[in-house]
Amino acid sequence: MEKHITLIKGDGIGPEIVNEAVKVLDRVADCFHHTFLYQEVLAGGCAIDAYGTSLTQETLDACIHSDSVLLGAVGGPKWDQVDPSIRPEKALLGIRKGMELYANLRPAKILPQLAHTSPLRKDIVDQGIDFMVVRELIGGVYFGERNTYQEDEEWVACDQMIYREHEIRRIAHIAFQTACKRNSHVISVDKANVLDSSRLWRKIVHEVAKEYPDVTLEDMLVDNSAMQIVKNPAQFDVIVTENMFGDILSDEASMITGSIGLIPSASLGESSVGMYEPIHGSAPDIAGQNIANPIGTILAAAMMLKYSFDMPNESDAIEQAVNEVLSQGYRTADIQEKGCERLSCSQMGDQIAAQIK
């Protein structure tokens, strides 16, 4: 099978970690008799340097017309002072909007080899951490109108948070369909005791739930969910929530698993084309030193094989390879521990690729 993948290596450690994911994908292609064709484009800070904007139409077109996108990371202090309209992060928002990627799936799963690295108490970790955050991605306050103005001799800032019924309905379907493949339990997170948008959110989610009678639905206020994620993460299977709440909660969820360098992410829409990336940033302080952890990006490539290319066996092969390498005691600098062998970024990619049969 032939698939066209757009590569956005981005800034900081982005090129290093994407290179290792490509190495693993090429090994998968050899073992499973596929062909992966790559087109590399610029987005983020490097695009600002090259083109004066973080996202060109040519880059967006390449993303739209590919079979999927693999992203490294964008941004860094070098571009902190550029015009807000072209900041590196704007590229991500532009790609999500242009590709109509309205659903972000981010797993929070602790690997047994690294369970002891979780900041949570051992008795909590031993109950298990394995849930999926389904975040609405192209609505809410991040895409609402915003304005900063002066009133009565002081500055006022306003950000508008809007949700439409169809936006809530489609993300709810993704959440319930995801739960059907897991443990059939959805917790919908909102702030319905305060926000009108959350009251509509809750109403529509409950309507959609009627189409999935085998899935249990619970409502949870966002402040309580933030506490419950660290108090009793085992209770969660699928969390579905709006854009800003999901941004915050998914970052919290990633930290209880021990290392942010291990967590992948998928952004999906109506078609099979998606964008896949690790959740960590560009880490400019270690860029170019070959010490970054590529596992999050490699697992993002595994998600791409599963969700966009319908290659579950190939995806499982990558996940098994990662588990085997960690079980053998290999670590990158961010997860280094006594008695384990430290590998560089490229060495970790080599070891994982070698384990794929």
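The residue numbers shown here count from 1 along each chain, following its written sequence. At least 70 in pLDDT is required for a residue's local features to be given in this predicted model, at least 80 for side-chain atom pairs to be given and counted, and no such filter applies to totals for whole chains, interfaces and linings, which use all residues. The basis for every side-chain value is the complete set of non-hydrogen atoms in the structure, without hydrogens or water.

For helices the rule is a DSSP run of H or I covering at least 4 residues; for strands it is a run of E covering at least 2, with both sets numbered from the N terminus onward. Scanning the chain from N- to C-terminus turns up twelve helices and 14 strands. Throughout, radius of gyration means the C-alpha value; the globule benchmark is 2.2 Å times the number of residues raised to the power 0.38. Relative to its length of 357 residues, the chain is compact, with a C-alpha radius of gyration of 20 Å against a globular reference of 21 Å. With the C-alpha coordinates aligned to their principal axes, the bounding extent of the chain is approximately 60 × 50 × 40 Å. When burial is assessed residue by residue, the chain has 54% of its 357 residues classed as buried. Between two residues, a contact is recorded if the distance between any of their heavy atoms is within 4.5 Å. Considering only contacts within the chain whose residues lie at least 6 apart along the sequence, 76% involve residues at least 24 apart. For every accessible area listed, the method is Shrake-Rupley and the probe measures 1.4 Å; residues are considered covered only by the protein chains on display. Of the accessible surface of the chain, which amounts to about 15700 Å², a share of 49% is contributed by carbon and sulfur atoms. Charged residues are defined narrowly, with Lys and Arg counted positive, Asp and Glu counted negative, and His plus the chain ends left uncounted. Note that the charge is assigned to NZ on lysines, CZ on arginines, CG on aspartates and CD on glutamates. One way to put it: in the chain the 31 positive side-chain charges average out to a point 4 Å from where the 52 negative ones average out. Accessible area is worked out with a 1.4 Å probe on protein chains only. A residue is then buried under 20% of its type maximum, exposed over 50%, and partly exposed in between.

On the basis of which strands lie adjacent, the open sheet formed by ten strands has the order β2-β1-β3-β12-β11-β4-β5-β10-β8-β9 and mixed pairing. Each edge of the open sheet is held by one strand with a lone partner, namely β2 (35–41) and β9 (216–221). Looking at each pair of strands side by side, their axes are set apart by 25 degrees on average, direction ignored. Paired strands are those between which DSSP finds at least two bridges. As defined by bridge partners, strand β4 (residues 103–109) adjoins strand β5 (residues 130–136) across seven bridges and the pair is classed as antiparallel. Pairing of alanine 103 across the sheet is with glutamate 136, part of β5. Each axis is a line fitted through C-alpha atoms, taken for helices only over the stretch in contact, and angles between the N-to-C directions span 0 to 180 degrees.

Patches draw on residues past 30% relative accessible area with no salt bridge. Two like charges within 9 Å are joined, as are two nonpolar side chains (Val, Leu, Ile, Met, Phe, Trp, Tyr) within 5 Å. One speaks of a salt bridge when a side-chain nitrogen belonging to Lys or Arg is within 4 Å of a carboxyl oxygen belonging to Asp or Glu. Taken together, the side chains of Glu151, Asp152, Glu153 and Glu154 define an acidic patch exposed on the protein surface. Its relative accessible area of 41% is what places glutamate 151 among the partly exposed residues.

All right, on to the packing of helix α1 (residues 14–32) against helix α11 (residues 312–327) then. Taken N-terminus to C-terminus, the directions of α1 and α11 make an angle of 130 degrees; their axes are 11 Å apart at the nearest point. One element, α1, and the other, α11, form an angle in the oblique class. Judged by the twist between their axes, the crossing of α1 over α11 is right-handed. Between α1 and α11, the residues in contact are Val24, Val28 and Phe32 and Asn313, Glu314, Ala317 and Ile318, respectively. Convention used here: angles under 35 degrees read as roughly parallel, angles over 145 as roughly antiparallel, angles from 65 to 115 as roughly perpendicular, and any remaining angle as oblique. Should the near helix be turned counterclockwise from the far one by less than a right angle, the crossing is left-handed, whereas a clockwise turn marks it as right-handed.

All right, on to the layout of surface pockets then. In this approach, a probe sized like a water molecule rolls over the atoms, and the result shows the empty space that is left. Cavity means a closed set of points on a 1 Å grid over the protein atoms alone, one where a 1.4 Å probe fits but cannot get out, pocket means an open set with protein on both sides within 12 Å along at least 5 of 7 lines, and lining means a residue has an atom within 4 Å of a point. Grid points are joined across faces, edges and corners, and a volume is the space filled by probe spheres set on the points. Estimated volume of the largest pocket: approximately 940 Å³. Along the wall of the largest pocket there are 30 residues; nearest its centre are Pro107, Met132, Met303, Lys306 and Tyr307. For the lining of the largest pocket, the secondary-structure elements that each account for two or more residues are β4, β5, α6 (165–180), β11 (264–268), α10 (295–307) and α11. Three categories are distinguished: nonpolar for Ala, Val, Leu, Ile, Met, Phe, Trp, Tyr, Cys and Pro, charged for Asp, Glu, Lys and Arg, and polar for the others, with Gly belonging to the last. A breakdown of the residues in the lining of the largest pocket according to their chemical character gives 14 nonpolar, nine polar and seven charged. Put simply, the second largest pocket is a space of about 620 Å³. Taken together, 25 residues line the second largest pocket, and the ones lying closest to its centre are Glu89, Leu92, Arg96, Arg135 and Asp247. For the lining of the second largest pocket, the secondary structure elements donating two or more residues are β3 (68–73), α4 (88–98), β4, α9 (243–255) and β12 (274–278). Across the lining of the second largest pocket, the residue classes tally to nine nonpolar, six polar and ten charged.

Position of serine 308 relative to the elements: it lies in the loop between α10 and α11. In this structure serine 308 comes out as buried when scored by relative accessible area, which is 7%. Counted as a polar contact is a pair of N or O atoms within 3.5 Å, where, for protein atoms, one must be capable of donating a hydrogen and the other of accepting one, and residues adjacent in sequence contribute only when both atoms are in side chains. Within polar-contact distance, the side chain of serine 308 engages the side chain of serine 68 at 3.0 Å. A distance of 2.6 Å separates polar atoms of two side chains, one belonging to serine 308 and the other to tyrosine 276.

Counted under the stated rule, the structure contains 21 salt bridges. With a shortest N-O distance of 2.7 Å, lysine 23 and aspartate 350 are connected by a salt bridge. One end of the pair, lysine 23, is in helix α1; the other, aspartate 350, is in helix α12 (residues 345–355), with 327 residues separating them in the sequence. Its salt-bridge partner being arginine 169, residue glutamate 165 comes within 2.6 Å of it at the nearest N-O pair. Here arginine 169 and glutamate 165 lie together in helix α6, a separation of four residues that amounts to about one turn.

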